[in-house]
Amino acid sequence: MMIFVRIVYSFPAKLCIFEAFRSASSFPDPTIMRKKPIVALIYDFDGTLSPGNMQEFGFIQAIGKSPKEFWSESDDIAIGQDASNILSYMKLMFDEAKSRGIKLTREDFRKFGSQVELFPGVKEWFRLVNDYGKAHGVVVEHYINSSGLAEMIEGTSIAKEFKRIFACSFLYNKEGEAEWPGVAVDYTAKTQFLFKINKGILSIRDNKKVNESQMEDKKRIPFPHMIYFGDGETDVPCMKIVKMFGGNSIAVYNPSIPGKIKTAGKLLRQGRVNFSTPADYTAGSRTFGIVCAIIDKIKADYELMRLQ
């Protein structure tokens, strides 16, 4: 017997329709399941792993502005032309750098990225979680899903920890200088990368494989094996999708900013996330405890499925 489920979510300015098909044959076949389940930890970046927007740790200072001035001008562009906030900040970065004779090559972006600050414990976090997963028979992978710049994230000390960085980026001319936005990732565009991770697709450009029908037992990382980390309302579509399809979404917040605490509490009350926690990634933190418990459950569910 086949059950057809059609789920419709309407987000501002865009209608997202998700259709899920379930049948007896669509669930993982215990006879062909992987020896070890893969768990994907998917992170927003600004406000989630870092206490601020990445542009605020060197780039904005280099163009002689304050963060408040830069973001106000970016908003003015978006509001004045009813344009994308993402494309507006990318244009402003390009224009301001050009007017001051600052080259924007990949390496220049990475240098700015090397100055980005991280929340407590982030640098050691990946080893902690990887070791816990290994000790409990689980393979852990880490992904970035951000509206920030991939080139700047590549310059951080943690860039090597990610299997894939899904984020905004520029196109470059023959001299290696940025000349046009190549990828712009807003809050709804971020959802596509969840489905790519689900199917094991690492290409940002791909728009064919991600839309092909695929049986559940053929998908590399099922949604119940995903853990999504975000800090604000722009993460809501991703948080909701992961939670809706059986995964876990976590709202992290900077405990020193009352507004962030309030936002995380609101997301939890509204059922957008499964958990909320301070942005502390140290070994004894609530964040680590939550993730360890989720990994334990994923492993237990996986073993039960193998016994069927």
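Residues numbered from 1 in each chain as written. Predicted model: local features only at pLDDT ≥ 70, side-chain atom pairs only at ≥ 80, totals over all residues. Heavy atoms only, no water.

1. Thoughts on the packing of helix H2 (residues 67-80) against helix H3 (residues 85-99)
Then comes step 1: As a packed pair, H2 and H3 sit with axes 8 Å apart at the nearest point and diverge in direction by 120°. On the basis of their axis angle, the class for H2 and H3 is oblique. For H2 against H3, the interelement crossing comes out right-handed. Of H3, the residues touching H2 (which contributes Phe 70, Trp 71, Glu 73, Ser 74, Asp 75, Ile 77 and Ala 78) are Asn 85, Ser 88, Tyr 89, Leu 92, Met 93 and Glu 96. (Axes fitted to C-alpha atoms, helices over the stretch in contact; angles between N-to-C directions. Helix = DSSP H or I, 4+ residues; strand = E, 2+ residues; numbered from the N terminus. Parallel < 35°, antiparallel > 145°, perpendicular 65-115°, else oblique. Left-handed = near helix turned anticlockwise from the far one by under 90°. Contact = heavy atoms within 4.5 Å.)

2. Side note on unusual backbone geometry
Then comes step 1: One non-glycine residue, Asp 82, lies in the positive phi region at around 50°.
Then comes step 2: Among the secondary structure elements, Asp 82 is positioned in the loop between H2 and H3.

3. Describing the pattern of salt bridges
Then comes step 1: This model, assessed by the stated rule, comprises 15 salt bridges.
Then comes step 2: Of the charged contacts in the structure, one is a salt bridge between Lys 160 and Glu 161, with a shortest N-O distance of 4.0 Å.
Then comes step 3: You can call Glu 161 partly exposed: its relative accessible area is 24%.
Then comes step 4: A salt bridge links Glu 233 to Lys 266; the shortest N-O distance between them is 3.3 Å. One end of the pair, Glu 233, is in the loop between strand S7 (226-230) and helix H8 (236-244); the other, Lys 266, is in helix H9 (residues 258-269), and 33 residues separate them in sequence.
Then comes step 5: Relative accessible area serves as the criterion here: at 49%, Glu 233 is assigned to the partly exposed category. (Salt bridge = Lys/Arg side-chain N within 4 Å of Asp/Glu carboxyl O. Buried < 20%, exposed > 50% of the residue type's maximum accessible area, 1.4 Å probe, protein only.)

4. Focus: the sheet that holds strand S9 (residues 275-278)
Then comes step 1: Judged by pairing direction, the sheet is mixed, and its 7 strands sit side by side in the order S6-S5-S4-S3-S7-S8-S9 without closing on themselves. Looking along the sheet, the strands with just one partner apiece sit at the ends: strand S6 (178-183) and S9. Along the sheet, successive strands turn relative to each other by an average axial angle of 25°, direction set aside.
Then comes step 2: Relative to S7, strand S3 (residues 38-43) is paired through 4 bridges, and the arrangement is parallel. Within S7, the position partnered with Leu 41 by the bridge is Ile 227.
Then comes step 3: Sheet strands touched by helix H4 (residues 106-113): strand S4 (139-149), strand S5 (164-172) and S6. Its angle to S5, the strand with the most contacts, is close to 135°.
Then comes step 4: Sheet contacts for helix H5 (residues 122-135): S3, S4 and S7; angle to S4, the most-contacted strand, approximately 150°. (Pairing = 2+ DSSP bridges.)

5. Examining the packing of aromatic side chains
Then comes step 1: Across all of its chains, the model carries 16 aromatic pairs by this definition.
Then comes step 2: Ring plane angle 85° and centroid distance 5.5 Å describe the contact between Phe 59 and Phe 112, whose orientation is recorded as edge-to-face. In this pair, Phe 59 sits in helix H1 (residues 59-62) while Phe 112 sits in helix H4, placing the two residues 53 residues apart along the sequence.
Then comes step 3: Residue Phe 59 is classed as buried on the basis of its relative accessible area of 0%.
Then comes step 4: Relative to Phe 229, the ring of Trp 125 has its centre 6.3 Å away and its plane inclined at 85°; by these criteria the two rings are edge-to-face. With Trp 125 in helix H5 and Phe 229 in strand S7, the pair connects residues that are 104 residues apart, well separated along the chain. Like Trp 125, the residue Phe 229 is buried in the burial classification.
Then comes step 5: Three or more aromatic residues joined by ring pairs form one cluster here, namely Tyr 43, Trp 125, Phe 126, Tyr 132, Phe 162, Phe 229, Tyr 281 and Phe 288. (Phe/Tyr/Trp six-rings, centres within 6.5 Å; stacked < 30°, edge-to-face > 60°.)

6. As for H9
Then comes step 1: A rise of 1.5 Å per residue sets the reference length of H9, with its 12 residues, at 16 Å; its end C-alpha atoms lie 17 Å apart and thus fit the reference within 8%.
Then comes step 2: Remark: Gly 271 follows H9 within two positions and exhibits a positive phi of approximately 75°. (Expected span 1.5 Å × (residues − 1).)

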